[in-house]
Amino acid sequence: MTGDADKTALDMVYAAETEAELAAAYAAWANGYDRETAALGYCLPFVIAGWVARHVPKGLGPLLDAGCGTGLSGPYLAALGYGEIEGLDLSEEMLDLARARGGYAALTKAALGRRLPWRDGHFAAIVSTGVFTAGHAPASSLDELVRITSPGGFVIFTVRDVVMEAGGFRTKFAELEASGKWRPVEESPPFRAFAVVEPEVLVQAFVFEVL
């Protein structure tokens, strides 16, 4: 870590046990988030664009950045030729920074794990990085993400290793596949979420096609 302040901010986020605590932790961290996570080598908002470019044709419809935070992914997806990118996050302070950064056609305050304010099949693809981790969105969030993705569209996301089994993600993957909601397309090997520090923090990227 780069210092006590950085560690305290990140620890507050990981230690949150309720949606309100998580929102408060991100509100307190919002102004320093980009600078501090860049110093830590946080790479997920950028590397996820590789999986989007591999699987999602341009021009099919809007994309959703679910848990967009300060909007780091949006401008890079736009640079790859994806238009009509929307974002959601539970922190109004984070959304304010995403709005100032640009790259999003719309930004919505909403919480993963609850009913989302879009019609069935609205998005051509959904991207979510750094959200399925300790103290964050539950595996049940995937039900809503699948609902608002069009048939033939993709749900692309990362999951932290420590919540994969404990958080019921493998069980949810299998449940959605067995019920004919999606099919697995790609699963990455574990890789580092931080390029500079914390080599033990590993995630996997997943790509599912909605049926």
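J.: Please explain the packing of aromatic side chains as it appears in this structure.
T.: Describing an aromatic ring pair means giving the distance of the ring centres and the angle of the ring planes. Throughout the structure, instances matching the rule amount to 15 aromatic pairs. With a centroid separation of 5.4 Å and an interplanar angle of 40°, the aromatic rings of Tyr42 and Phe194 are classed as tilted. Of this pair, Tyr42 sits in the loop between helix H2 (19-40) and helix H3 (44-55) while Phe194 sits in the loop between strand E7 (191-192) and strand E8 (202-210), placing them 152 residues apart in sequence. Here Tyr42 matches Phe194 in class, with each residue buried. Each ring, one from Trp182 and one from Phe208, has its centre 3.7 Å from the other, and the planes form 10°; the classification is stacked. Taken as a pair, Trp182 in strand E6 (residues 182-187) and Phe208 in strand E8 lie far apart in primary sequence, 26 residues in all. According to the relative accessible area criterion, Phe208 is buried, its value standing at 4%. Three or more aromatic residues link up through ring pairs in this structure, and these residues are Phe132, Phe157, Phe169, Phe173, Trp182, Phe206 and Phe208.

Rules used throughout
Residues numbered from 1 in each chain as written. Predicted model: local features only at pLDDT ≥ 70, side-chain atom pairs only at ≥ 80, totals over all residues. Heavy atoms only, no water. Phe/Tyr/Trp six-rings, centres within 6.5 Å; stacked < 30°, edge-to-face > 60°. Helix = DSSP H or I, 4+ residues; strand = E, 2+ residues; numbered from the N terminus. Buried < 20%, exposed > 50% of the residue type's maximum accessible area, 1.4 Å probe, protein only.

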